[in-house]
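Working through the structure, step by step
Here is how the chains run, residue by residue.
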Amino acid sequence: MAEIKIATYEEIKDLPNHPEKLLIDVREPQELESTGRIPTSINIPLAKVSDALKLDGKKFNEIYDREKPGLDDEIIFSCLLGGRAQKGATIAVGHGFRNVKNYRGSWTEYATKEGLKVE
């Protein structure tokens, strides 16, 4: 089974320069509405991560407007505090993805460092 690595704030800030990397925010849509989201992230609520990762590439692209990552492509998971992101990362590894990271600081760290609303 693949190891789940930890993504850093610096990596997250640099994501606009790396469109090949996918940041998945596993919070519920209403949470994102109240706080905002990290640029380049897509929202797939935790309860839907498994089904989303099973989609074929065309359907994934239609729903999320992003290419579905390959098994070796980097996927980073985030949430509010990092707990749900870890669960999302674990689900991805269970589906065979091998380059998976948890942004443990998630929205709380990002928003604090960016001077944004945390909750």
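If you're wondering where the values come from, they're calculated on a predicted model, not measured in any experiment.

A few words now on the packing of helix α3 (residues 46-54) against helix α5 (residues 83-94). Following both chains from N to C, one finds α3 and α5 inclined at 20 degrees, their axes separated by 10 Å at the closest point. Here α3 is positioned roughly parallel relative to α5, judged by the angle of their axes. At the point where α3 passes α5, the crossing takes the right-handed sense. Residues L46, V49, S50 and L53 of α3 touch α5, and the partners they reach there are R84, K87, G88, I91 and A92.

Once that is clear, we can look at the pairing of strand β4 (residues 75-78). The two faces of β4 match: I75 and F77 on one face and I76 and S78 on the other face are all buried. Note on the crossover from β4 through α5 to strand β5 (residues 100-102): the handedness is right-handed.

Once that is clear, we can look at α5. With 12 residues, α5 should reach 16 Å at 1.5 Å per residue; the first-to-last C-alpha distance of 17 Å fits that figure. Those residues of α5 not exposed but buried are A85, G88, A89, A92 and V93. One face of α5 carries all of its buried residues, which in axial projection span an arc of 140 degrees. For α5, exposure combined with an orientation more than 90 degrees from the buried face picks out K87 and G94. Those residues of α5 that are buried are in contact with β1 (4-6), α3, β4, β5 and α6 (106-114). Within two residues after α5, G96 carries a phi angle of roughly 95 degrees, on the positive side.

With that out of the way, let us pick up the nonpolar core. Nonpolar side chains tend to gather and get buried jointly when the protein is soluble and globular. Of all hydrophobic cores here, the largest spans 20 residues; its most connected members are I24, I44 and F77. Of all elements in the fold, only β2 (22-25), α3, α4 (57-64), β4 and α5 reach the threshold of two or more residues within this core. I12, L23, Y103 and Y110 belong to the second largest nonpolar core, which has 12 residues in total.

By secondary structure assignment, the location of G105 is in the loop between β5 and α6. Spatially, the C-alpha atom of G105 lies 7.5 Å from that of Y9, the residues being 96 residues apart in sequence.

Procedures and definitions
- Residues numbered from 1 in each chain as written.
- Predicted model: local features only at pLDDT ≥ 70, side-chain atom pairs only at ≥ 80, totals over all residues.
- Heavy atoms only, no water.
- Axes fitted to C-alpha atoms, helices over the stretch in contact; angles between N-to-C directions.
- Helix = DSSP H or I, 4+ residues; strand = E, 2+ residues; numbered from the N terminus.
- Parallel < 35°, antiparallel > 145°, perpendicular 65-115°, else oblique.
- Left-handed = near helix turned anticlockwise from the far one by under 90°.
- Contact = heavy atoms within 4.5 Å.
- Buried < 20%, exposed > 50% of the residue type's maximum accessible area, 1.4 Å probe, protein only.
- Right-handed = clockwise from strand over helix to strand, strands pointing away.
- Expected span 1.5 Å × (residues − 1).
- Arc of directions from axis to C-beta.
- Core = buried A, V, L, I, M, F, W, Y, C linked by side-chain atoms within 4.5 Å.

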